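Here are the chains, one letter per residue:
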Amino acid sequence: MNILNFVDTINEWIEPFKRFVSNNHDNPMMWLGFILIGIAVFSIAFGALHRNGD
């Protein structure tokens, strides 16, 4: 698989998400959801990286 084809595929997958965010950019619930998902991902990654054999 060519690297340019890979980038094109990623762009095709992201386009619907970009349209969704563009259409709902003023919705505070969407931004709150993004923040909560970001905190959850950070918490999971931080916990996995700082586990001392527990």
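Please refer to the structure higher up on the page.
Being a predicted model, the structure only gives us computed values, none of them experimental.

Next up on the list: the overall build of the protein. A tally of regular secondary structure across the protein gives 2 helices and 0 strands. Relative to its length of 54 residues, the protein is extended, with a C-alpha radius of gyration of 17 Å against a globular reference of 10 Å. For the C-alpha atoms alone, the extent of the protein along its principal axes is close to 40 × 40 × 10 Å. Per element, the accessible surface of the protein, about 5,000 Å² overall, is 67% carbon and sulfur.

The subject of this paragraph is the packing of helix α1 (residues 3-23) against helix α2 (residues 28-49). The geometry of α1 relative to α2 is characterised by a closest axis approach of 10 Å and an angle of 130° between their N-to-C directions. Comparing the axis directions of α1 and α2 gives the class oblique. Where α1 abuts α2, its residues Phe17, Phe20 and Val21 lie against Met30, Trp31 and Phe34. Classifying every residue of the contact of α1 with α2 gives 6 nonpolar, no polar and no charged.

All right, on to the pattern of salt bridges then. A pair can form between side chains of opposite charge whenever their charged atoms are brought close. In total, this model carries 1 salt bridge according to the counting rule given. Lys18 serves as the salt-bridge partner of Glu15, at 3.7 Å between the closest nitrogen and oxygen. Residue Glu15 and its partner Lys18 are located together in helix α1, separated by 3 residues, close to a single helical turn. By relative accessible area, Glu15 is classed as partly exposed at 32%. Of the residues examined, Lys18 reaches a relative accessible area of 48% and is grouped as partly exposed.

How each quantity is defined
Residues numbered from 1 in each chain as written. Predicted model: local features only at pLDDT ≥ 70, side-chain atom pairs only at ≥ 80, totals over all residues. Heavy atoms only, no water. Helix = DSSP H or I, 4+ residues; strand = E, 2+ residues; numbered from the N terminus. Rg over C-alpha atoms; globule rule 2.2 N^0.38 Å. Areas by Shrake-Rupley, 256 points an atom, 1.4 Å probe, with all protein chains shown as cover. Axes fitted to C-alpha atoms, helices over the stretch in contact; angles between N-to-C directions. Parallel < 35°, antiparallel > 145°, perpendicular 65-115°, else oblique. Contact = heavy atoms within 4.5 Å. Nonpolar A, V, L, I, M, F, W, Y, C, P; charged D, E, K, R; others polar. Salt bridge = Lys/Arg side-chain N within 4 Å of Asp/Glu carboxyl O. Buried < 20%, exposed > 50% of the residue type's maximum accessible area, 1.4 Å probe, protein only.

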